[in-house]
Amino acid sequence: MKLIHLYTNSFKGLSKESWMLALVMLINRAGSMVLPFLGVYMTDHLKFSIENTGIVLSFFGIGSVIGSWLGGFITDRIGEYRVQYLSLLLSVPLFCMIPLFKTEIGVATIILLQSIVSDSFRPANSVAITKYAKPENITRAFSLNRMAINLGFSIGPALGGILSAISYEFLFFSNAFTALVAGILYIVFFRKRNILTKLKARKVQEAMEIKKENSPYRDGKFLVYCFFCMLFSICFFQLFSTLTIFYKDTAHLSQQSIGYILGYSGFLVVLLEMGLVQVAEKYLSLAVTMLLGTFICGFAYAMLGFDHSILILVISMSLLCVGEIWALPFMSTITALRSGKNNKGAYMGLNGISFSIAFIVTPTLGTFIAERFGFTILWIGTGVLATIIAIAFYYIVPWMIGDRKHAES
């Protein structure tokens, strides 16, 4: 009963806008069937080599870097509302165009464009979360949003595994349709709210002088923090590239089985995230939470270097879910605490770039190591690197923002 009470309490106090942002994200991510299967699509359907597939996938990361910077830049100028609906609606035709390209250059180009448009959504969405959440609920608002992402991710890959076995084209069109639905829902709900918040902000500006705030690109401590966020992302985001190839080629899982295990990961995060975040907020400091989350992710990957039976695959994925719950939402919270009131878009954009760089490095580096040295070296090396990053976070977080009470004040 205590556990149930703790879990239900974790949802209390969240605004209607936070719930709607999560619903929009759920619909959008439920259709995100493409990313986990891009590697398999290129190696299995288009017959690209593993190394060329890694190079092509890196263009998703390049587009993500550009999109994160562009999204943060224009969010601070035209507002998060416009950036989000434009990103959702413009991604629709781009998803539909992916199956038209059959060469490495063609696929890399369309993935680059689609990634720029889709990832401009992320910093704007993060700003919207901080805008509509109460100060004491920021981490839980981010967690609610991530819970929606993972619920969508539990539906999407499972369905994507089935659809890709029938037709990859249908997979891309389904992703386009869900992006369209998410965009329409977002516009309908937030159009009037955006006008009202603009009017309130204008009155505040008239009543007080707006303080000029520094650029995050000149914030030395934050740049160090983002560097280690990037290293963590290089480790973690193998989930979307080399891990699925490992499942297919080494563990000999079918596409449907890959979809099911990825779907299980999303379901587990949905089940555990709000409760585990509540526990971390109540009993752990930000530094300890980041230490534990990062270390557990590394340990989950290192396990695969010793065994790849189905039981180990499930245990590894379960630990990876726990680790990401105690790492990813708190990274966003730390970024929000470090930023000012008028440059949140730029801070969220820069932190998003640190994740986006991983999408460039991870596929190329991961497939290179796997092909030249084997997956065993890749997974054990990932575990060692994640342990070093975990220790670094433990010292960097209090150095950058101090203790939680000081940071929030």
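Residues numbered from 1 in each chain as written. Predicted model: local features only at pLDDT ≥ 70, side-chain atom pairs only at ≥ 80, totals over all residues. Heavy atoms only, no water.

An unreviewed UniProt entry lists the chain under the name MFS transporter, with Chryseobacterium gambrini as the source organism. The UniProt entry for the chain carries this comment under Subcellular location (unreviewed entry): "Cell membrane". (UniProt positions renumbered as here; feature names shortened; annotations may be inferred.)

Colleague: Outline the overall build of the chain, supporting the account with residue identities and numerical values.
Modeller: Helix and strand counts for the chain stand at 18 helices and zero strands. Looking at the chain residue by residue over its 409 residues, the buried ones come to 56%. Considering only intrachain contacts with a sequence separation of at least 6, the fraction spanning at least 24 residues in the chain is 87%. Of the roughly 17,600 Å² of accessible surface on the chain, a fraction of 69% belongs to carbon and sulfur atoms. (Helix = DSSP H or I, 4+ residues; strand = E, 2+ residues; numbered from the N terminus. Buried < 20%, exposed > 50% of the residue type's maximum accessible area, 1.4 Å probe, protein only. Contact = heavy atoms within 4.5 Å. Areas by Shrake-Rupley, 256 points an atom, 1.4 Å probe, with all protein chains shown as cover.)

Colleague: Tell me what's going on with a nonpolar patch on the surface, and back it up with residues and numbers.
Modeller: A surface patch of nonpolar side chains, about 360 Å² in accessible area, is lined by Trp69, Leu70, Phe73 and Tyr217. Residue position: phenylalanine 73 is located in helix H4 (residues 50-78). The exposure class assigned to phenylalanine 73 is partly exposed, which follows from its relative accessible area of 36%. (Patch = residues over 30% accessible without salt bridge, like charges linked within 9 Å, V, L, I, M, F, W, Y side chains within 5 Å. Salt bridge = Lys/Arg side-chain N within 4 Å of Asp/Glu carboxyl O.)

Colleague: Any chance you could break down the confidence of the model for the chain for me, citing the residues and the numbers?
Modeller: Per-residue confidence for the chain gives a mean pLDDT of 82, with 87% of residues at or over 70. Mean pLDDT values over the elements of the chain span from 43, in helix H18 (residues 404-408), up to 96, in helix H13 (residues 286-303). Note on residues 203-211: pLDDT under 50 across the span, and three contacts to partners over four residues away in sequence or across chains. Overall, residues 403-409 carries pLDDT values under 50, and its contacts beyond four positions in sequence, including any with other chains, amount to nine contacts. (pLDDT = per-residue confidence, 0-100.)

Colleague: Outline the packing of aromatic side chains, listing residues and values.
Modeller: Inspection of the entire model under this criterion finds 20 aromatic pairs. Taking 5.1 Å as the distance between ring centres and 65° as the angle between the ring planes, the aromatic pair formed by phenylalanine 246 and phenylalanine 375 counts as edge-to-face. Residue phenylalanine 246 is located in helix H11 (residues 242-249), and its partner phenylalanine 375 is located in helix H17 (residues 375-401); the two are separated by 129 residues in the primary sequence. When its relative accessible area of 2% is taken as the criterion, phenylalanine 246 is described as buried. A network of ring pairs unites the aromatic residues Tyr81, Tyr85, Tyr132, Tyr186, Phe189 and Phe190 as a single cluster. (Phe/Tyr/Trp six-rings, centres within 6.5 Å; stacked < 30°, edge-to-face > 60°.)

Colleague: Can you explain the packing of helix H10 (residues 220-236) against helix H16 (residues 344-373)? Please cite residues and give values.
Modeller: Direction vectors running N to C along H10 and H16 enclose 35°, while the axes themselves pass 8 Å from each other. Here H10 runs over H16; the crossing is right-handed. For the pair H10 and H16, the contacting residues are Phe222, Leu223, Tyr225, Cys226, Cys229, Met230, Ser233 and Ile234 in the first and Tyr347, Leu350, Asn351, Ser354, Phe355, Ile357, Ala358, Val361 and Thr362 in the second. A breakdown of the residues in the contact of H10 with H16 according to their chemical character gives 13 nonpolar, four polar and no charged. (Axes fitted to C-alpha atoms, helices over the stretch in contact; angles between N-to-C directions. Left-handed = near helix turned anticlockwise from the far one by under 90°. Nonpolar A, V, L, I, M, F, W, Y, C, P; charged D, E, K, R; others polar.)

Colleague: Provide a residue-level description of the pattern of salt bridges, including the pertinent values.
Modeller: Charged atoms that come close allow side chains of opposite charge to pair. Counting across every chain of the model gives three salt bridges. One salt bridge connects glutamate 80 with lysine 131, and the closest N-O pair in it is separated by 3.0 Å. With glutamate 80 in helix H5 (residues 80-97) and lysine 131 in helix H7 (residues 121-132), this pair connects stretches of sequence that are 51 residues apart. Judged by its relative accessible area of 6%, glutamate 80 is buried. Classification of lysine 131 as partly exposed rests on a relative accessible area of 34%. For aspartate 119, the salt bridge is made with arginine 122, and the minimal N-O distance between the two is 3.1 Å. Residue aspartate 119 is classed as buried on the basis of its relative accessible area of 8%. You can call arginine 122 partly exposed: its relative accessible area is 25%.

Colleague: Which residues make up unusual backbone geometry, and what values do they have?
Modeller: Among all residues except glycine, the phi angle is most often negative; among peptide bonds, the trans geometry is most common. Although it is not a glycine, lysine 47 adopts a positive phi angle of roughly 65°. Among the secondary structure elements, lysine 47 is positioned in the loop between helix H3 (34-45) and H4.

Colleague: Residue-level account of the side chain of serine 18, with values.
Modeller: Tracing the chain through its elements places serine 18 in helix H2 (residues 16-30). Using a relative accessible area of 7% as the deciding quantity, one classes serine 18 as buried. In this structure, serine 18 is in contact with Tyr132, Ala133, Ala141 and Leu144, ignoring residues within four places of it in sequence.

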